[in-house]
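Chain by chain, the residues:
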Amino acid sequence: MTRAKILVARAVFPETLAKLEQHFEVEANQSDADWGPAELAARLKDKSGAFTTGTERIDAALLAACPQLKICANMAVGYNNFDVDAMTARGVLATNAPDVLTETTADFGFALLMATARRICESEHSLRRGEWKKWRYDMFAGSDVHGSTMGIIGMGRIGQAIARRGALGFGMKVIYHNRSRLAPDLEARCGATYASKEELLRTADHVVLVVPYSAASHHTIGAAELALMKPTATLVNIARGGIVDDAALAQALKDKRIAAAGLDVFEGEPKVHPGLLEVPNVVLTPHIASATVPTRRAMADLAADNLIAYLTRGEALTPLNPSVIGASANP
Ligand code: GLV
């Protein structure tokens, strides 16, 4: 039997490639070359499957050029790089990598909150510059995390895991805003209370964004929302670039409209708004919230397992458009 051809669009663990090679004829990209949309489409033209990360855009134009494609498996929980409607219309299965990164990403969100509130990076940079000459009563005084109010926007699995950390570990009052309210027993388990977005922004000491990116969530936080926040508040974004208007945030940080921010994701990343690079009161990390070795391995495994399950057995572990299964227009 001939083996299906797949493309692994970015560099991955050698073990992931070896696993895929047991089932497929694999074209890999271990040099992690930057393929633009045209090169990606050209390489996918004769492939049945694609292993993608969150950076490859799978849209109607690419799908039209790749009539043999049956599945794109994202090694990410977010999938705003996929036009899922266009994929469904073409009978192409989309899968993502949920659950395996929930706790690791929540750990990171909490770490970013702590670093931001307690000015850890700002103080370390100052120390490295040789500025620490003597102790002072107000040196890098930040805001408390324990006992404060955390407002979480986006209460999916990761938001809930952050809420539990805050409520159970740090005695925080946790409020959240979400498209739909959680069931009362789930709210109780997370120690969280529902609030309107405006109430959350007005009352939270620390605002954490974990909402998926879509046209509806674009600029969830812009100048108007920043104006509602307490001047002592911090803002953490581990969701996606584009959820925050980075230009408005840079201005708000410069004007001390809010105290500080912690950002793992950026509009147009890997570019970072120059205004954010100029202000000291922001912690900046390069989209690493899920980056522990075991979790990245689990994410890669799940993407690989989706490809293997679908292309060898017609099944999928974490499908985003399950209606496609058994009804593929690209047989
Ligand atoms: C990372 O941002 C992911 O969506 O997994």
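That block above? That's the structure.
### Topic: the site of the ligand
Around the ligand, the neighbouring residues are Ala76, Val77, Gly78, Leu101, Arg240, His287 and Met299. Contact between the ligand and Val77: an oxygen atom at 2.8 Å from a main-chain N or O atom of the residue. Residue Arg240 places a side-chain N or O atom 2.7 Å away from an oxygen atom belonging to the ligand. Burial of the ligand by the protein chains amounts to 86% of its free accessible area of 190 Å². Counted by class, the shell around the ligand contains four nonpolar, two polar and one charged residues.

### A few points about helix H11 (residues 246-254)
Asp246, Ala248, Leu249, Ala250, Ala252 and Leu253 are the residues of H11 that are buried. The elements touched by buried residues of H11 are helix H10 (223-228), strand E10 (234-237), strand E11 (260-263), helix H12 (274-278) and strand E12 (282-284). Sitting at the amino-terminal end of H11 is Asp245, which places a side-chain oxygen 3.2 Å from the backbone nitrogen of Ala247. Just downstream of H11, Lys256 is the residue with a positive phi angle, here 60°.

### Here's the deal with the sheet that holds strand E1 (residues 5-8)
The strand order across the open sheet built from five strands is E2-E1-E3-E4-E5, with neighbouring strands paired in parallel fashion. In the strand order of this sheet, the two ends are held by strand E2 (25-27) and strand E5 (93-95), each with one partner. On average, each strand axis in the sheet is inclined to that of its neighbour by 15°, with strand direction left out of account. Where strand E3 (residues 49-52) meets strand E4 (residues 71-74), four bridges bridge the pair, whose relative direction is parallel. By the bridge assignment for E4, Ala50 is matched with Cys72. Across the sheet, helix H2 (residues 37-44) lies against E1, E2 and E3, angled at about 155° from E1, the strand it touches most. Relative to E4, helix H13 (residues 293-313) is tilted by about 165°, and along the sheet it contacts E1, E3, E4 and E5.

### Overview of the pattern of salt bridges
Scanning the model with the defined rule gives 24 salt bridges in all. Taking the shortest distance from any N to any O, the salt bridge between Arg10 and Asp32 comes out at 2.7 Å. In this pair, Arg10 sits in the loop between E1 and helix H1 (14-21) while Asp32 sits in the loop between E2 and H2, placing the two residues 22 residues apart along the sequence. On the accessibility criterion, Arg10 (23% relative accessible area) is partly exposed. Using a relative accessible area of 29% as the deciding quantity, one classes Asp32 as partly exposed. In this structure, a network of salt bridges that share partners links the residues Lys5, Glu27, Glu39, Arg43, Asp46 and Lys47.

Rules of the game
- Residues numbered from 1 in each chain as written.
- Predicted model: local features only at pLDDT ≥ 70, side-chain atom pairs only at ≥ 80, totals over all residues.
- Heavy atoms only, no water.
- Near = heavy atom within 4 Å.
- Polar contact = N/O pair within 3.5 Å; in protein donor to acceptor, adjacent residues only side chain to side chain.
- Areas by Shrake-Rupley, 256 points an atom, 1.4 Å probe, with all protein chains shown as cover.
- Nonpolar A, V, L, I, M, F, W, Y, C, P; charged D, E, K, R; others polar.
- Buried < 20%, exposed > 50% of the residue type's maximum accessible area, 1.4 Å probe, protein only.
- Helix = DSSP H or I, 4+ residues; strand = E, 2+ residues; numbered from the N terminus.
- Contact = heavy atoms within 4.5 Å.
- Pairing = 2+ DSSP bridges.
- Axes fitted to C-alpha atoms, helices over the stretch in contact; angles between N-to-C directions.
- Salt bridge = Lys/Arg side-chain N within 4 Å of Asp/Glu carboxyl O.

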